[in-house]
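# A closer look at the structure
Chain by chain, the residues run as shown.
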Amino acid sequence: MSHDIYDNPLISRYASREMADLWSPQRRHSTWRQLWVTLAECERELGLDISEQQVAELKAQVHDIDFDNANKYERELRHDVMAHVHAYGDVCPTARPIIHLGATSCYVTDNADLLLMREGLEMLRTRLVEVIDGLAKFAAEYRALPCLGFTHLQPAQPTTVGKRATLWCYDLVLDLEELEHRINSLRFRGVKGTTGTQATFLTLFKGDHVKVEELDRLVTRRMGFAEPYAVTGQTYSRKVDAHVLQTLAGIGQSAHKAGSDLRILQSRKEIEEPFETKQIGSSAMAYKRNPMRSERMCSLARFAISLQSNADQTIATQWLERTLDDSANRRLSIPQAFLAIDAVLILYRNITRGLVVYPKVIEKHLQEELPFMATEEILMAGVQAGGDRQELHELIRVHSQEAGKQVKVHGGNNDLLDRLKSDAAFAKVDLSRALDSQRFTGRAAEQVDSFVRDIIGPIRARYTANSQLGGDVQV
């Protein structure tokens, strides 16, 4: 590894080797060669003058790429596809005359991108399912542990730790649905020619429209797609890229929300992400236990979200049948979006598998606010005991304000219940039950049960056979 030139941290620090391999020059250009092989093979089957020996020669050299030679050609020709055509031709002299026959550059560049994106989406699907499964297990374990709920980041009606985790999990379930849709709806650019009219192929097949259509179908199916896009210009519609990056950005949004929540909860010492024995939280403050995994997850998620605008702007600015100002942008934005979300999901999986819950702290925080949460029920009980609803409401309001002052101004404990106990208006109300937190979480635990059973169960059933991917937090 060279240390005197810029190194992409997505490769060296964050993403998995599998995802980095997928977007490597070796993988991209061997895919180009496989596309050239398939084109020649199908053209031969449909009657063009291409020999079996030429096709065999091309097949033998799919993976053995001389990148130095290709780079030399590109410096001379200023055209990456033609540079690789020439480099391929150098090791396939018999097949050289028929490499790229009838095709335009986007035959290899666009079709390869679609193949790589589909495989990348499938890899991310596996990672996403792993995180969903981990969060569901966490939710089930803490299904009934009461905790303070928050709205506007202010204390609100209690929920449970497990129910809160289902919120994070369900965001990912929605992302999985979108990801599955993108995988299932992704098509192939196919064999469309220079401006998408297939004119060159019509010439090659002497005006035989049926054979041109069959070539498009054959190549598409040989490369593993059920069908090509119905029409293209020189490129497939860049709206496809926008849809894919939107899906990846959606995963980033979900991860960022959960990561932000965990950072808040860790600051309250209620839930912590994993912290290793020799891990250092701060170079200066030795006691620190910073939520660096969640922070990094949010950071990378935000980067991935920002890349969506590249794809949005690219589709908006494509002129007529195509313009090349998409090329350099797509070389950066598409692979890096996949690498960033791969890293996000590796972090999310690691966090989910090592979350530490502190029930005593959670209970302490809940009890500090619970008297306020109980006031509505106390009000109803007072009315049932014969009190006047409006009078009791005013008394509770006044006592609550005083109790709040005791906490905020004097730094004391919440003494609202003591104040109510000493008020004759509430003498007939059983205030001893007011601090039973289980009574205020509604159906949270049962909602966790049904979520795991009805939503997560089918996902687990669909993906049980999936092999797990490697990759973990590197630094």
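Up top you'll find the structure we're talking about.
Definitions and cut-offs
Residues numbered from 1 in each chain as written. Predicted model: local features only at pLDDT ≥ 70, side-chain atom pairs only at ≥ 80, totals over all residues. Heavy atoms only, no water. Helix = DSSP H or I, 4+ residues; strand = E, 2+ residues; numbered from the N terminus. Rg over C-alpha atoms; globule rule 2.2 N^0.38 Å. Buried < 20%, exposed > 50% of the residue type's maximum accessible area, 1.4 Å probe, protein only. Contact = heavy atoms within 4.5 Å. Areas by Shrake-Rupley, 256 points an atom, 1.4 Å probe, with all protein chains shown as cover. Phe/Tyr/Trp six-rings, centres within 6.5 Å; stacked < 30°, edge-to-face > 60°. Lys NZ or Arg CZ within 6 Å of the ring centre and 35° of its normal. Salt bridge = Lys/Arg side-chain N within 4 Å of Asp/Glu carboxyl O. Polar contact = N/O pair within 3.5 Å; in protein donor to acceptor, adjacent residues only side chain to side chain.

### Description of the overall build of the chain
Of regular secondary structure, the chain possesses 18 helices and 4 strands. Since a compact globule built from 475 residues should have a radius of gyration of about 23 Å, the 31 Å found for the chain marks it as more spread out than a globular shape. Seen through its C-alpha atoms, the chain measures out along the principal axes to roughly 105 × 50 × 40 Å. Counting all 475 residues of the chain, 51% fall into the buried class. Of the contacts made within the chain by residues no fewer than 6 positions apart, 78% connect residues no fewer than 24 positions apart. When the accessible surface of the chain is summed, it comes to about 23400 Å², and 51% of that surface belongs to carbon and sulfur atoms.

### Description of the packing of aromatic side chains
All told, the structure shown has 7 aromatic pairs when counted by the stated rule. An angle of 35 degrees between the planes, with centres 5.9 Å apart, marks the rings of Trp36 and Tyr88 as tilted. Of this pair, Trp36 sits in helix α3 (residues 25-45) while Tyr88 sits in helix α6 (residues 80-91), and the two are 52 residues apart along the sequence. For the pair Trp36 and Tyr88, a shared accessibility class is recorded, and that class is buried. A centroid spacing of 6.0 Å and a plane angle of 85 degrees characterise the contact between Tyr170 and Phe451, whose relative ring orientation is edge-to-face. Of this pair, Tyr170 sits in helix α8 (residues 161-185) while Phe451 sits in helix α18 (residues 444-463), and the two are 281 residues apart along the sequence. Note on Tyr170: relative accessible area 38%, which makes it partly exposed. Through pairs of rings, three or more aromatic residues link up here, namely Trp32, Trp36 and Tyr88. Above the face of the Tyr236 ring, Arg238 is positioned so that its terminal group lies 4.8 Å from the ring centre.

### So, the pattern of salt bridges
Counting across every chain of the model gives 33 salt bridges. Across the salt bridge formed by Asp110 and Arg238, the nearest N and O atoms sit 3.1 Å from each other. Of the two residues, Asp110 sits in helix α7 (residues 105-141) while Arg238 sits in the loop between α10 (209-222) and α11 (239-267), which places them 128 residues apart along the sequence. Here Arg419 and Asp415 are joined by a salt bridge, their closest N and O atoms 3.0 Å apart. Its relative accessible area of 17% is what places Asp415 among the buried residues. Here the salt bridges do not stand alone but share partners, grouping Arg28, Asp113, Asp241 and Arg330 into one network.

### Here we look at the environment of Arg96
Along the chain, Arg96 turns up in the loop between α6 and α7. Separated by 39 residues in sequence, Arg96 and Glu57 place their C-alpha atoms 9.7 Å apart. Not counting residues up to four positions away in its chain, the partners in contact with Arg96 are His86, Gly89 and Asp90. A polar contact is formed between the side chain of Arg96 and the side chain of His86, at a distance of 2.9 Å.

### Details of unusual backbone geometry
The backbone of Arg78 shows a phi angle near 55 degrees, a positive value even though the residue is not glycine. Within the element layout of this structure, Arg78 appears in the loop between α5 (67-77) and α6. Among the residues examined, Arg78 registers a relative accessible area of 69% and is labelled exposed. For Leu153, which is not a glycine, the phi torsion comes out positive at approximately 60 degrees. Within the secondary structure, Leu153 is located in the loop between β1 (146-151) and β2 (154-160).

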